[in-house]
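Residues per chain, in single letters:
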Amino acid sequence: MTVKQPSRWQSAGSSLLFAGNIFILFLLIFGNRVVLPPWLQVLGRMHPLLLHFPIVLILVAGVLTFIRLREPAAEAWKQHLANVLLLAGALSAVITVIMGLFLSGEEGYNGSGTLQWHKWSGVSVCWLTSLLYWLGRPGISRPAIQKGGVLITALLLVVTGHFGADITHGENFVLGPVTPAGKGPQVPFDQALIYEHLVKPVLQEKCMNCHNAAKAKGELAMELPAQLLKGGKSGKLFVAGKPGISLLIERLHLPVDAKKHMPPAGKPQLTPEEADLLYYWIKGGADFKTKVAALPVHDSLRLLAAVMLQPAPSAAPVYQFAAADEKLVQKLNNNYRVIYPVALNAAPLVVNCYNKDRFNSKSIEELLPLKKQIIEMHLQKMPVQDADLNIIAQFPELRVLNLSFTNIKGQTLPALVKLPHLESLSLSGTPVTLQQLQVLKTMPALKELYLWNTALTAAELDQLPAAFKTVAIIRGFTDDGKQPLKLNQPLLVNTMPVFRNTTQLLLKHPIKGVEIRYTTDGSVPDSVSSPLFKDSLLLQANTTIRAIACKKGWYASDPVQFNFYRSSYTPDSVVLLTQPDGTYAGAGAKTLCDGQKGGADQGNQKWLGYVKEPMVAMLLFKQPIPLQSVSVGILRNINGYIFPPAKLEIWGGTDVKHLKLLKRIFPAAGKKNDPAAAMEIAGTFPVTNVSCVKLVMDPLVKIPGWHPGKGSRGWVFADEVLFN
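What counts as what
Residues numbered from 1 in each chain as written. Predicted model: local features only at pLDDT ≥ 70, side-chain atom pairs only at ≥ 80, totals over all residues. Heavy atoms only, no water. Phe/Tyr/Trp six-rings, centres within 6.5 Å; stacked < 30°, edge-to-face > 60°. Helix = DSSP H or I, 4+ residues; strand = E, 2+ residues; numbered from the N terminus. Buried < 20%, exposed > 50% of the residue type's maximum accessible area, 1.4 Å probe, protein only. Lys NZ or Arg CZ within 6 Å of the ring centre and 35° of its normal. Expected span 1.5 Å × (residues − 1). Bend = angle between axes of the 7 residues up to and from the residue. Contact = heavy atoms within 4.5 Å. Salt bridge = Lys/Arg side-chain N within 4 Å of Asp/Glu carboxyl O. Pairing = 2+ DSSP bridges. Axes fitted to C-alpha atoms, helices over the stretch in contact; angles between N-to-C directions.

1. Brief notes about the packing of aromatic side chains
Given two aromatic rings, one states the distance between the centres and the angle between the planes to describe the pair.
Phase 1 of the analysis: Here the structure, examined in full by the defined rule, presents 14 aromatic pairs.
Phase 2 of the analysis: Judged by centre distance (6.3 Å) and plane angle (50°), the rings of tryptophan 607 and phenylalanine 717 are tilted. With tryptophan 607 in the loop between β17 (573-576) and β18 (608-610) and phenylalanine 717 in strand β23 (residues 716-723), this residue pair connects regions lying 110 residues apart in the sequence.
Phase 3 of the analysis: We classify tryptophan 607 as buried; its relative accessible area is 1%.
Phase 4 of the analysis: A relative accessible area of 0% means that phenylalanine 717 is categorised as buried.
Phase 5 of the analysis: Cluster of aromatic residues (ring-pair linked, three or more members): Tyr195, Phe238, Trp281 and Phe288.
Phase 6 of the analysis: Lying across the ring of tyrosine 565, lysine 597 places its NZ or CZ 4.4 Å from the centre.
Phase 7 of the analysis: The residue whose ring lies beneath lysine 694 is tryptophan 651, and the NZ or CZ to ring-centre distance is 5.6 Å.

2. A word on helix α8 (residues 194-206)
Phase 1 of the analysis: Over its 13 residues, α8 runs 17 Å from end to end, which matches the ideal 18 Å to within 8%, given 1.5 Å per residue.
Phase 2 of the analysis: The largest bend in α8 amounts to roughly 35° and is located at lysine 200, with the proline proline 201 lying one to four residues further along.
Phase 3 of the analysis: Contact partners of the buried residues in α8: α9 (225-230), α11 (272-283) and α12 (300-308).

3. As for the pattern of salt bridges
Once the charged atoms of two side chains with opposite charge are near each other, the side chains can pair.
Phase 1 of the analysis: Evaluation of the coordinates by the stated rule reveals 13 salt bridges.
Phase 2 of the analysis: For aspartate 462, the salt bridge is made with arginine 475, and the minimal N-O distance between the two is 2.5 Å. With aspartate 462 in helix α17 (residues 458-467) and arginine 475 in the loop between β7 (472-474) and β8 (491-492), this pair connects stretches of sequence that are 13 residues apart.
Phase 3 of the analysis: Glutamate 649 is the salt-bridge partner of lysine 647, the closest N and O atoms lying 3.5 Å from each other.

4. A short note on the side chain of asparagine 355
Phase 1 of the analysis: Within the fold, asparagine 355 resides in the loop between β2 (349-353) and α14 (361-365).
Phase 2 of the analysis: Those residues within four positions of asparagine 355 in sequence are excluded, and the remaining contacts are Tyr336, Met382 and Asp535.

5. Some details on unusual backbone geometry
Phase 1 of the analysis: The backbone phi angle of lysine 381 is positive, close to 70°, even though this residue is not glycine.
Phase 2 of the analysis: Note on placement: lysine 381 falls in the loop between β3 (374-378) and α15 (388-392).

6. Things to note about the sheet that holds strand β15 (residues 543-550)
Phase 1 of the analysis: In spatial order, the strands read β9-β16-β15-β12-β13; together these five strands make up an open sheet with mixed pairing. At either margin of the open sheet sits one strand with a lone partner, and together these are β9 (498-499) and β13 (532-533).
Phase 2 of the analysis: Where β9 and strand β16 (residues 560-566) come together, two bridges link them in parallel fashion. Bridge pairing in β16 links phenylalanine 499 to arginine 566.

7. Some words on the sheet that holds β2
Phase 1 of the analysis: The seven strands are arranged β1-β2-β3-β4-β5-β6-β7 in an open sheet whose pairing can be described as mixed. At either margin of the open sheet sits one strand with a lone partner, and together these are β1 (337-341) and β7. In this sheet, neighbouring strand axes are inclined to one another by 15° on average, regardless of whether the strands run parallel or antiparallel.
Phase 2 of the analysis: Note: β1 against β2, five bridges, orientation antiparallel. Considered in β2, the bridge of valine 338 is made with asparagine 352.

Written out as structure tokens, the structure reads:
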């Protein structure tokens, strides 16, 4: 058999291979002293593109090494083909390694950890493949050595690819699917550190894939506190105490397909709870050593941490009863008693009574037809008598009962023992005694007992925890006038921001003797001249309420603002003719008529977001309505690429085939420094009888040049549509 001699090009390739390996050795020794020109940087960045070629060529050549053919001539040509493939694989490996060494010298990479393993395993593949080629040349062939070398090379290829994937996609990317998932921070609440056990795990899972010691994208590494404080190429990662101007929070809340959104589209995104965790951590000062237990009891970060550090909460309570008749609920609602479901379309009902001059026993008796649906009854400050407790005991589904500052004396408290599900009972401000309370120990579901400002002495209150071992005794705060405190803000009782024709505004405050002052003209209320809020306030139009809590010896609370919107008509059905983009699908079509407002948070799943095409919605009424105005809720968040719509068209008619343009609106364009805000776009027109309304809302086609997203399309967000 004639041994096939290397061709002229094979000899040239062999020489080039030798020179390439010498150059690799030079770069390994002196690479940190070499300054690359820009065109070589471009070549280095092609490393991920070329690396697949040597892998395929080397593996195919390796497979041929293990194949034996019967014909001597065929075996010779097979060996020659294997050598040619090994030469091509070795040469492409040399080029790939050189590119990788160029790339590793750029900013954002350093010489430690995963990168070092990837570099040296890659160099080993290159050198071992070159050696296998030279050992396979005619006259030098060592089949046993070649086969062993092929197996080692294949193993090195797997190792090199594994470390390369870790650099590109994050730690343990290859083995991630077969690695048991972590169970989250397993640490007791009183020992947990905010950063170490809550913030850091989120950053490790969602951010450090691209921002680690081996691959610091944007010159930002996030593995150590010092690196987080240093920031990256774009500046500081966050401003402690100011999440609203922190780069980290801004990037998290950009639209998912925005170029600068983090994490990038296609990679695991942060959950709303994880995003809130980072927000509140920065708001609280972004400390790296604070314990969760050191936070105030009602601190938002502490409450969120308590959920994340504990096992998954049990499922929401399941109520084994049907919804009440809507007409009956409407009939029992009046100006002095409000009945509403705990959530939209839910069966359980909540009752609030106010205006003590109109309240009597009949006010409770009239509710008995709803006794199987009412789970909360708020009768605070009403003239409830002891005899009324016998009526209340007939509501078997009650979970919450508020009898604070009523006229009960405690003589009929045993009647409440008949309530099998009662969890929270408030007797604050009543003259109940320790002996009268003893009967409540037999209530199986009781979890909270409010007893501040009662006739009980401090010593008697101290005895209660031992008697009520599974019940939280809420004693309240004793105001001795020596330590002025700042009042918390007034609370809104009726939470539905959109009402039909009229609604009663109900505000309350948990501290006895507090006055609530308010304004309706947008001005900040004061504790002297602003109107005093009494039992309720009748709202008949769109209204903005600003309110503060005041009390002598206390600092007034910060103002709180509530917005209410009147919508005289509710469509019977809504159809989206174009679908929302990305994850901004809200609750589907009903987002436009569910009585909820989206607020200023674009990621709360209460908005419909469009960027690729206009929002086109059809809203249908079974009976014609006389329509004069339509208002659409929108969101403006310039930093989040969300702009006012370029155009809003309102069409109306008797059916979908007979629509005419009622109003065309061109809202003011967003400006550079406009703050993020939820807004309304209203269109008014002559009264028109319609059964069908079509809305067409166009996104901004081209973002202005002063914006980072200049030239691309802007987003448009919509929520509630109001009809009047």
